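# Structural overview
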2 protein chains.
Amino acid sequence: MPDQSLLTQLIEALRALPGVGPKSAQRMAFYLLQRDRAAGRELAAVMAEAMTRIGRCERCRTLTEQPVCDICANPRRDPALLCIVEQPADLVAIEQATDYRGLYFVLGGRLSPLDGIGPAELELERLATRLHDGVVREAILAVSSTIEGNATALYIEELARGAALRLTRIAHGVPLGGELEYVDGGTLAHAFAGRRVL
Amino acid sequence: MPDQSLLTQLIEALRALPGVGPKSAQRMAFYLLQRDRAAGRELAAVMAEAMTRIGRCERCRTLTEQPVCDICANPRRDPALLCIVEQPADLVAIEQATDYRGLYFVLGGRLSPLDGIGPAELELERLATRLHDGVVREAILAVSSTIEGNATALYIEELARGAALRLTRIAHGVPLGGELEYVDGGTLAHAFAGRRVL
């Protein structure tokens, strides 16, 4: 883009960020240039380094700049527990909200043949090896309860067959503090069918 | 931040952008890393270059990587017209919405003694030179109609005293398509007082 001014290029480049339209991109560019160039330079440097150096953990497949991520490398995490999530963001959410002290396996998506995502793309063979290694005692499925998420869960259930472990799935139901009248019908029906004795 | 992972650093750095909170920053970081590293690298490169190379136009003070911006350097723009705006973003808005073909002067703010912004910070002396150079025939004040914007306009009116030009100010009133009942009282009173004969 040799004809475009650097300012226009910056605004265009900022639009690559999710949720950023032309107006926000312009606002961001002007803000950085007029108020906080140091932060802009820092962001540029960290982003360049992150895009190049961050890869996937050899053990759990989450995003990390090290060969093995901090969680997998932590000897105080319980290797008998393995939580299976779709995305690195799900791992972060569980780390922030719960006191789970086991390990993870990040699928990187869910089975979706129409989008060309099959067992190979999710590295399910690698997961199968983990499930059958004799170390894992409980595998917790924390995949979404969409059609594809359920298909993925079912597939993993098959994979775990014969392994000496308990396979569990996180509970789906009415969110805490959720008003029944505003919860969607599918969730409510699921919560109703999954009722537990007090 | 040697203890923080590169991912955490990236999320922190993204929060420097205006309107980006912790959740959006995390979403942006994961999106770039998982879906579009090329765009992330491009953004990092353009941002680093922009933060270093973009300065202010010698003539109008807008943001540009050249000594003189494209508008000031364009011989087809009318030097007899000078539009005075507060910010580079205001210049962009006028360029996009109007067919104005004159030049600009970007103040970089408005007079606000409490914030330490006086005539020197806005380079009003430089503006005075422009107003009295005999080339400008009409100076259009396109500053906001806030208390500080009005004070700035008044100050510039004083500066223009004795110059052989017409000083005008853009119209303030009810926005096009604006319903009277939803317009704030100040705007409505201003529009009423500024009514024109049809």
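Residues numbered from 1 in each chain as written. Chains lettered and ligands numbered in written order. Predicted model: local features only at pLDDT ≥ 70, side-chain atom pairs only at ≥ 80, totals over all residues. Heavy atoms only, no water.

## With respect to the overall build of chain A
Counting its regular elements, chain A contains eight helices and six strands. Mapped in sequence order, the helices and strands of chain A form the string α-α-α-β-β-α-β-α-β-α-β-α-β-α. Since a compact globule built from 198 residues should have a radius of gyration of about 16 Å, the 22 Å found for chain A marks it as more spread out than a globular shape. The buried share of chain A, reckoned over its 198 residues, is 39%. (Helix = DSSP H or I, 4+ residues; strand = E, 2+ residues; numbered from the N terminus. Rg over C-alpha atoms; globule rule 2.2 N^0.38 Å. Buried < 20%, exposed > 50% of the residue type's maximum accessible area, 1.4 Å probe, protein only.)

## Some words on the confidence of the model for chain A
When the pLDDT values of chain A are averaged, the result is 91; 98% of them are 70 or greater. ipTM for the predicted complex: 0.85, alongside a pTM of 0.83. (pLDDT = per-residue confidence, 0-100.)

## Here we look at the interface of chain A and chain B
Counting residues at the interface gives 45 residues for chain A, matched by 46 residues for chain B. Here chain A and chain B share an interface that buries about 4400 Å² over both sides, 72% of which is from carbon and sulfur atoms. Its largest share of buried area at the contact with chain B, chain A owes to Leu 6, Pro 18 and Met 51 of chain A, together 17% of the area lost on that side. Linking chain A with chain B are zero salt bridges, by the criterion used here. At the level of elements, helix H1 (6–14), helix H2 (22–35), helix H3 (37–53) and helix H5 (88–97) of chain A are the ones that each hand at least two residues to the side of chain A that touches chain B. (Contact = heavy atoms within 4.5 Å. Buried area = accessible area lost by both parts, 1.4 Å probe. Salt bridge = Lys/Arg side-chain N within 4 Å of Asp/Glu carboxyl O.)

## Looking at the packing of aromatic side chains
Residues and elements named next belong to chain A. With the rule as written, the count across this model stands at two aromatic pairs over all chains. On the numbers, 5.2 Å between centres and 70° between planes, the contact of Tyr 100 with Tyr 104 is edge-to-face. Taking relative accessible area as the criterion, Tyr 100 reaches 12% and is therefore assigned buried. Among the residues examined, Tyr 104 registers a relative accessible area of 1% and is labelled buried. (Phe/Tyr/Trp six-rings, centres within 6.5 Å; stacked < 30°, edge-to-face > 60°.)

## Describing the relation of the copies chain A and chain B
Rotating chain A by 180° and moving it 0.0 Å along the rotation axis overlays it on chain B with an RMSD of 0.1 Å. Look at the turn and shift together and you get a two-fold axis relating the two. In terms of proximity to the rotation axis, the leading residue of chain A is Ala 44 of chain A, whose C-alpha is 2.1 Å off the axis. When the interface residues of chain A are mapped onto chain B, 100% of them again fall at the interface, so both copies present the same face. (Least-squares fit on C-alpha atoms with pLDDT ≥ 70 in both.)

## Here's the deal with helix H5 (residues 88–97) of chain B
Three- or four-residue spacings in an α-helix give side chains the same orientation, since the helix completes a turn every 3.6 residues. Burial in H5 of chain B covers these residues: Pro 88, Leu 91 and Ile 94 of chain B. Along the long axis of H5 of chain B, the arc covered by the buried residues comes to 120°, so they all point the same way. Across from the buried face of H5 of chain B, at angles greater than 90 degrees, the exposed residues are Gln 96 and Ala 97 of chain B. For H5 of chain B, the elements touching its buried residues are H2 of chain A together with strand S1 (55–56), strand S2 (63–64), helix H4 (70–73), strand S3 (78–85) and strand S4 (102–106) of chain B. (Arc of directions from axis to C-beta.)

## A few points about the domain arrangement of chain A
Each assigned domain of chain A is listed here: domain 1 (6–53) and domain 2 (63–166). The distance between the C-alpha centroids of domain 1 of chain A and domain 2 of chain A comes to 34 Å. (Domains from an automatic or database assignment.)

## Some remarks on the pairing of strand S6 (residues 166–169) of chain B
Residue and element names in this part refer to chain B. Direction of pairing for strand S5 (residues 138–141) relative to S6: parallel, over a ladder of four bridges. Looking across to S6, one finds that Glu 138 is bridged to Arg 166. One crossover worth recording links S5 to the parallel S6 by way of helix H7 (residues 147–160), and it is right-handed. (Pairing = 2+ DSSP bridges. Right-handed = clockwise from strand over helix to strand, strands pointing away.)

## Side note on the nonpolar core
Leu 10 and Leu 14 of chain A together with Leu 10 and Leu 14 of chain B are the most contacted members of the largest nonpolar core, which has 44 residues in total. Taken together, the elements giving at least two residues each to this core come down to H1, H2 and H3 of chain A together with helix H1 (6–14), helix H2 (22–35) and helix H3 (37–53) of chain B. Apart from the residues lying within four places of it in its own chain, the contact partners of Leu 10 of chain B are Leu 43, Val 46, Met 47, Ala 50 and Met 51 of chain A together with Ala 29 and Leu 33 of chain B. (Core = buried A, V, L, I, M, F, W, Y, C linked by side-chain atoms within 4.5 Å.)

## Observations concerning unusual backbone geometry
Residues and elements named next belong to chain A. Positive phi outside glycine occurs at Arg 61, with the angle close to 75°. Structurally, Arg 61 can be placed in the loop between strand S1 (55–56) and strand S2 (63–64). On the basis of relative accessibility, which here comes to 15%, the residue Arg 61 falls in the buried class. Of note in the backbone geometry, Glu 123 takes a positive phi value of approximately 55° without being a glycine.

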